[in-house]
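In case you want the letters, here they are:
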Amino acid sequence: MLDKLEVGFDFLNTVVAGGETLIKVLLIENGKESELPLEVFDGFPCLEPIQQLENEWKYLLSQPVRSISIIDQELIDLTRKRMHQCEANVSSQKLVISRFKALLIRAEVSIRDQSIRSRLILHYNLEIDRYEQQMAKSQLYQQQVARRLDELIQV
């Protein structure tokens, strides 16, 4: 009886390499039979490659697990950049709103022609509303990005 399965496989490959033809290969383990595919035994040794693989996975399993993978770290970095873009976008929208409000006040105070003043006031109010809606959407998106960043950091 062989101690390791790969030693038995290597033996069968040696038999095939010697010119013999295998008709049937049975693996009996714990009283159960399993027929193995004959094409696996091609006459080339397999013990050393299997041992190399075993050494590799033992080495990998012995290494400490990193808390954050490289891919996760890249996602965190990209999400932080997106967060900065959101902050810059909201800040820019606030600035535009404040400028339109200043123009609105100037139009209300300094333009004497009622027709022109009414059109400018309407225009500035519409622009202020439009930018406030965009800013609300941007702030909502910024909250979503912040939640995503928290999720990534928690992993």
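Above this text is the structure in question.
Residues numbered from 1 in each chain as written. Predicted model: local features only at pLDDT ≥ 70, side-chain atom pairs only at ≥ 80, totals over all residues. Heavy atoms only, no water.

**Considering the pattern of salt bridges**
Two side chains bearing opposite charge may form a pair once their charged atoms approach each other closely. Summed over the entire model, instances satisfying the criterion amount to four salt bridges. Among the salt bridges present, the one from R130 reaches E127, with a minimum N-O distance of 2.6 Å. In this pair, R130 and E127 both sit in helix α4 (residues 114-154), three residues apart, roughly one turn of the helix. We note a salt bridge from R148 to E151, for which the minimum N-O separation is 3.5 Å. Residue R148 and its partner E151 are both found in helix α4; the two are separated by three residues, about one turn of the helix. We classify R148 as partly exposed; its relative accessible area is 37%. (Salt bridge = Lys/Arg side-chain N within 4 Å of Asp/Glu carboxyl O. Helix = DSSP H or I, 4+ residues; strand = E, 2+ residues; numbered from the N terminus. Buried < 20%, exposed > 50% of the residue type's maximum accessible area, 1.4 Å probe, protein only.)

**Regarding the nonpolar core**
In terms of nonpolar packing, the biggest core is built from nine residues, these being V90, I97, F100, L104, A107, Y124, I128, Y131 and M135. Here this core gets five residues from one element, more than from any other, and that element is helix α3 (residues 70-110). Contacts of M135, omitting those with residues within four sequence positions, involve V90, Q93, K94 and I97. Membership of the second largest hydrophobic core comes to five residues, among which are L12, L22, V25 and L36. (Core = buried A, V, L, I, M, F, W, Y, C linked by side-chain atoms within 4.5 Å. Contact = heavy atoms within 4.5 Å.)

**Focus on helix α1 (residues 5-17)**
For α1, which comprises 13 residues, the first-to-last C-alpha distance of 18 Å matches the rise-based estimate of 18 Å (1.5 Å per residue) to within 8%. Within the sequence span of α1, burial applies to E6, G8, D10, L12 and N13. In this structure, the buried residues of α1 make contact with β1 (25-29) and α2 (47-62). G19, located one to two residues past α1, shows a positive phi value of around 105°. (Expected span 1.5 Å × (residues − 1).)

**Points about the packing of aromatic side chains**
The final tally for this structure, using the stated rule, is three aromatic pairs. An angle of 70° between the planes, with centres 5.5 Å apart, marks the rings of F9 and F41 as edge-to-face. Highlighted residues: F9 in helix α1 and F41 in the loop between β2 (32-36) and α2, separated in sequence by 32 residues. Residue class for F41 comes out buried when judged on its relative accessible area of 6%. Taking the centre distance of 6.0 Å and the plane angle of 45° together, the rings of F100 and Y124 count as tilted. (Phe/Tyr/Trp six-rings, centres within 6.5 Å; stacked < 30°, edge-to-face > 60°.)

**Some points on the pairing of β2**
Direction of pairing for β1 relative to β2: antiparallel, over a ladder of five bridges. If you follow E29 over to β2, its bridge partner there is K32. (Pairing = 2+ DSSP bridges.)

**What about α3?**
Its 41 residues give α3 an end-to-end C-alpha distance of 60 Å, which sits within 8% of 60 Å, the value for a rise of 1.5 Å per residue. For α3, every residue scored as buried is listed here: I76, T79, M83, C86, V90, Q93, I97, F100, L104 and A107. Buried residues belonging to α3 abut α4.

**Side note on the packing of α1 against α2**
Where α1 contacts α2, the two axes come as close as 9 Å, and the packing angle between them is 155°. Classified by the angle their axes make, α1 and α2 are roughly antiparallel. Facing α1, whose interface residues are E6, V7 and D10, α2 presents L47, I50 and E54. Its residues placed into classes, the contact of α1 with α2 shows three nonpolar, no polar and three charged. (Axes fitted to C-alpha atoms, helices over the stretch in contact; angles between N-to-C directions. Parallel < 35°, antiparallel > 145°, perpendicular 65-115°, else oblique. Nonpolar A, V, L, I, M, F, W, Y, C, P; charged D, E, K, R; others polar.)

**Looking at the side chain of S138**
Here S138 is to be found in helix α4. With a relative accessible area of 11%, S138 lands in the buried category. When sequence neighbours within four positions are dropped, the list of residues in contact with S138 reads N89, V90 and Q93.

Functional significance is not addressed by these values, which are geometric in nature.
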